[in-house]
Amino acid sequence: MGKKTGAQILIESLLKENVEVVFGLPGGQALPIFDAIHGSELNFILTRHEQAASHMADGYARSTGKPGVCIVTSGPGATNIVTGLATAYMDSAPMVAISGQVATDVIGQDAFQEADTIGITRPVTKHNFLVKDVKDLARIIKEAFYIATTGRPGPVLVDVPVDVQRSVCEFVYPEKVEIRSYKPNYNGHIGQIKKAAEVINRSERPVFYIGTGVVVSNAQDEILELSKKADIPVTNTLLAVGAYPFDSKLSLGMLGMHGTYCANKCIQSADVIIAVGARFDDRCTGKICDFARKAKIIHIDIDPTAISKIVDVDIPVVGDAKTVLKEMLGLVNTKEHKDWIKTVGVWKEEHPLSYDTNDNKLHPQYVIEKISDLTKGEAIITTEVGQHQMWSAQYYKAKYSRLFLSSGGLGTMGFGYPAAIGAKFGNPNKEVIAIAGDGSFQMNMQEMAVAVLNNIDVKVIILNNQYLGNVRQWQEMFYSKRYSHSCLAKRKECPKWCNTPNRAVCPVYIPDFVKWAESYGVLGIRVTDKKDVELALKKMLETKGSVVIDMWVEIEENIFPMIPAGASLDDMIIRMNG
Amino acid sequence: MRHTLSVLVENNSGVLARISALFAARGFNIASLSVNETEEPAISRITIVVKGNESILEQVTKQLNKLVDVIKVTDFKDIGYIERELALIKITAVNKTSRDEIIRVAGVFRARIIDISPDSVIAEISGDESRLSAFMKAILPYGVKETCKTGVSVLCRGNAGKIK
Ligand SMILES: Cc1ncc(C[n+]2csc(CCOP(=O)(O)OP(=O)(O)O)c2C)c(N)n1
Ligand SMILES: [Mg+2]
């Protein structure tokens, strides 16, 4: 076998884990690792910012189901990935992050580029490890991958001091993992499953409420089968867009703050809610005491801490969604809920998702609809955070799960573009499109260099509304249109108080995204007119390599329906003034 | 509600930080905490006494179980257990009369006097919380200068709560 350095052991362990690609950026306390990478076959991608490296790993993970990996240096390298770890943690994305650390004998002395990475990342990781002895390294890497990918997945960080990277020992990669204190439970309790099935069999107005857990455990087929068998409509969370076919008559679309009228009506009228791999996030439930007052709640989740955390659950089933639903299929009766489904149909028709289609203005929703049509919902879409994110969730009809990637729990602006690059590395044959807000995109757009230099074909569509639009919408609706620091075009010369944006008189928007794209050798297209949208999108899809479309959409468009923060799902605002 | 939790954990560095962070993040004040190696050196036992809302505590218990380093959590609410705590109390005693009186009170509570200085004595008492606080109350009028308690040690009776 022969002895190897810690750095070599680390890289060989990653190869043993079949890691296809690693994102990151070097630095002083990671130099031995980068030297080992230099002599290996590891596919390492140099990013321009560590935060982006962590989102790329995340995008790779969400789109493939395999763990994403990033390597950064100590101190600022490690603190730069904190947002990425927190983003992945909130949305249960499997990730392994490796950080360099100062040598063990100077830890705690405020050495150059020292940060307490373990302390800082503890609350935003599923678990983290400080490697104090090179002999533990291979085992820790094995455990890190195991923990990241099993149970409820999440990010795991391994902090490797530089002297450990240099120390040598025999390399044996463990075959198996045995952690006595960590044993996720996949099989639901059969007694609980039976109880749940009985309640479903007796129900008259049941609803499925499905979340990330369905995507993670690949339970789409089981949900589809069960919902058809027992005639149960299905609403999805933001992160489960695509997990249930949009064109099914049982599909309600997304629930919650910007969910559909019929989804929220169904939740509020249901007698049984079957939550699967969803965690009753406040963006879904609205005011808790008014949430689904008439319903018995069945909750299937692999994470026991998710159960009865927010709403009291009547029948908890702790286990893997797919495994539990398979079991349930045999126990749930074939049934029709004619009246219920009829009512659902009425709600669907009463207030479908809509926007002004009578004028010739360039509405952002129209752009998403077109993207959805032209890609047939088969492209991987990533979003940033804001209005464009909600419109994407509402109007992009993703055919399957893992085609819609978005930061739901943390709501991280700057996630979408690097996540798209990561997704493309994992899915070289799929079309990958980042739908960006003009604000969010500027948080990580420097990564275009990574896309171009690595021939990564990611399209960017900026829904440019000249605003931090989501903030502007809230200011319009709840702060008497006082647009405080939400305008991205505002110059020193502008009046202090301005709530009358108008592209014809507002200062020139910077940056010029088209010229900016061109500076990377990338095709940039500006669209200011509705009639040019389709042509531009077609051109984009035909073009090989990166393309940036700067869509000048309606500035003051709002997302509807909307439930104000803290209000109940009954208090939907369907449209402004009505 | 006062709760005594016994948490068996892997004896790794940082594990106490993980656990105390869970309580801190939910605004729980830990009333008493003791950490020891067990008969198996790779495993430590952390005994925590907290006061707080029942449902939040249930959440915290689940969260504790979720930590990768936690092997087992026992809430002593529903099972028979033995609880002991040891306290050292330095009491003002400037003359023979007060010294004698303190020694008498200590005798009643089966506390031991383990040091006598010119103007104070140190009493040692062990027992459950109620015994310790009753003694404290009785001795308070004499003037308590300093106290130090060990934190609670708890084991359940019989077989409940064993590692395996
Ligand atoms: C890192 C970060 N900072 C701040 C916010 C708060 N925030 C939520 S949406 C939003 C506006 C985003 O603007 P833009 O990207 O242009 O999207 P739009 O809403 O205009 O579509 C802001 C500032 C956030 N989600 N993330
Ligand atoms: Mg914007």
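Reading the values: the criteria
- Residues numbered from 1 in each chain as written.
- Chains lettered and ligands numbered in written order.
- Predicted model: local features only at pLDDT ≥ 70, side-chain atom pairs only at ≥ 80, totals over all residues.
- Heavy atoms only, no water.
- Donors = N, O, S within 2.8 Å, 3.2 Å for Na, K, Ca; no water.
- Buried < 20%, exposed > 50% of the residue type's maximum accessible area, 1.4 Å probe, protein only.
- Pairing = 2+ DSSP bridges.
- Helix = DSSP H or I, 4+ residues; strand = E, 2+ residues; numbered from the N terminus.
- Axes fitted to C-alpha atoms, helices over the stretch in contact; angles between N-to-C directions.
- Contact = heavy atoms within 4.5 Å.
- Domains from an automatic or database assignment.
- Buried area = accessible area lost by both parts, 1.4 Å probe.
- Salt bridge = Lys/Arg side-chain N within 4 Å of Asp/Glu carboxyl O.
- Polar contact = N/O pair within 3.5 Å; in protein donor to acceptor, adjacent residues only side chain to side chain.
- Nonpolar A, V, L, I, M, F, W, Y, C, P; charged D, E, K, R; others polar.
- Phe/Tyr/Trp six-rings, centres within 6.5 Å; stacked < 30°, edge-to-face > 60°.

Turning our eyes to something else, we now look at the coordination of the magnesium ion (ligand 2). Residues and elements named next belong to chain A. Only Asp438 (OD), Asn465 (OD1) and Tyr467 (O) from the protein reach the magnesium ion (ligand 2) as donors, at distances of 2.0 to 2.1 Å. Counting gaps between the donor residues of the magnesium ion (ligand 2) yields the pattern D-x26-N-x1-Y. Look at Asn465 and you get buried, because its relative accessible area is 6%. With a relative accessible area of 2%, Tyr467 lands in the buried category.

On to the sheet that holds strand E3 (residues 44-46) of chain A, then. All names here are of chain A. Strand order across the open sheet formed by six strands is E3-E2-E4-E5-E7-E6, with parallel pairing between neighbours. Looking at which strands have only one partner, the edges of the open sheet turn out to be E3 and strand E6 (127-130). Here the average twist between neighbouring strands, direction ignored, is 20 degrees. For strand E4 (residues 68-72) and strand E5 (residues 95-101), the ladder comprises five bridges, and the chain directions are parallel. The residue bridging Val72 from the neighbouring strand is Ser99, located in E5. Strands in contact with helix H2 (residues 31-38) are strand E2 (22-25), E3, E4 and E5; relative to E4, the strand with the most contacts, it is inclined by about 125 degrees.

All names here are of chain A. Each domain of chain A was delimited in the assignment, giving domain 1 (3-170), domain 2 (190-350) and domain 3 (364-552). Counting residues at the interface gives seven residues for domain 1 and six residues for domain 2. Approximately 560 Å² of surface area, both sides summed, lies buried where domain 1 meets domain 2, with 60% of it carried by carbon and sulfur atoms. Joining domain 1 to domain 2, the criterion identifies one salt bridge. The partner of Asp303 in a salt bridge is Arg152, and the shortest N-O contact between them spans 2.8 Å. Our enumeration of links across domain 1 and domain 2 arrives at one residue pair in polar contact (both at pLDDT 80 or more). Across the side of domain 1 that touches domain 2, the residue classes break down as two nonpolar, two polar and three charged.

Let us look at the interface of chain B and chain A. At the junction of the two partners, chain B supplies 18 residues and chain A supplies 16 residues. Here chain B and chain A share an interface that buries about 1400 Å² over both sides, 47% of which is from carbon and sulfur atoms. Inspection of the region where chain B meets chain A yields three salt bridges. Residue Glu40 of chain B is joined to Arg180 of chain A by a salt bridge in which the shortest nitrogen-to-oxygen separation is 2.9 Å. Joining chain B to chain A, the criterion identifies ten residue pairs in polar contact (both at pLDDT 80 or more). Elements with a minimum of two residues in the side of chain B that touches chain A: helix H1 (15-25), helix H2 (54-66) and strand E4 (70-75) of chain B. With four residues, the top contributor of residues to the side of chain B that touches chain A is H2 of chain B. Of the residues in the side of chain B that touches chain A, the class split is seven nonpolar, four polar and seven charged.

A word on the pattern of salt bridges. Residues and elements named next belong to chain A. Inspection of the entire model under this criterion finds 36 salt bridges over all chains. Lys142 is the partner of Glu17 in a salt bridge, and the nearest nitrogen-oxygen pair spans 3.9 Å. In this pair, Glu17 is assigned in the loop between helix H1 (6-16) and E2 and Lys142 in helix H7 (residues 134-149), connecting sequence segments 125 residues apart. Since its relative accessible area comes to 16%, Lys142 is described here as buried. The salt bridge partner of Asp290 is Lys287, with a shortest N-O separation of 3.8 Å. For Lys287, a relative accessible area of 38% puts it in the partly exposed group. When salt bridges that share partners are traced, they join Lys287, Asp290, Arg293 and Asp570 into one network.

Considering all chains together, one arrives at 18 aromatic pairs over all chains under this definition. Relative to Trp347 of chain A, the ring of Trp340 of chain A has its centre 6.0 Å away and its plane inclined at 85 degrees; by these criteria the two rings are edge-to-face. Trp347 of chain A carries the same exposure label as Trp340 of chain A, and that label is buried. Taking 5.4 Å as the distance between ring centres and 55 degrees as the angle between the ring planes, the aromatic pair formed by Phe109 of chain B and Phe135 of chain B counts as tilted. Taken together, the positions of Phe109 of chain B in the loop between helix H3 (96-108) and strand E6 (112-117) and Phe135 of chain B in helix H4 (residues 129-139) put the pair 26 residues apart, joining distant regions of the chain. Taking the relative accessible area as the measure of exposure, Phe109 of chain B reaches 19% and is therefore buried. Using a relative accessible area of 0% as the deciding quantity, one classes Phe135 of chain B as buried.

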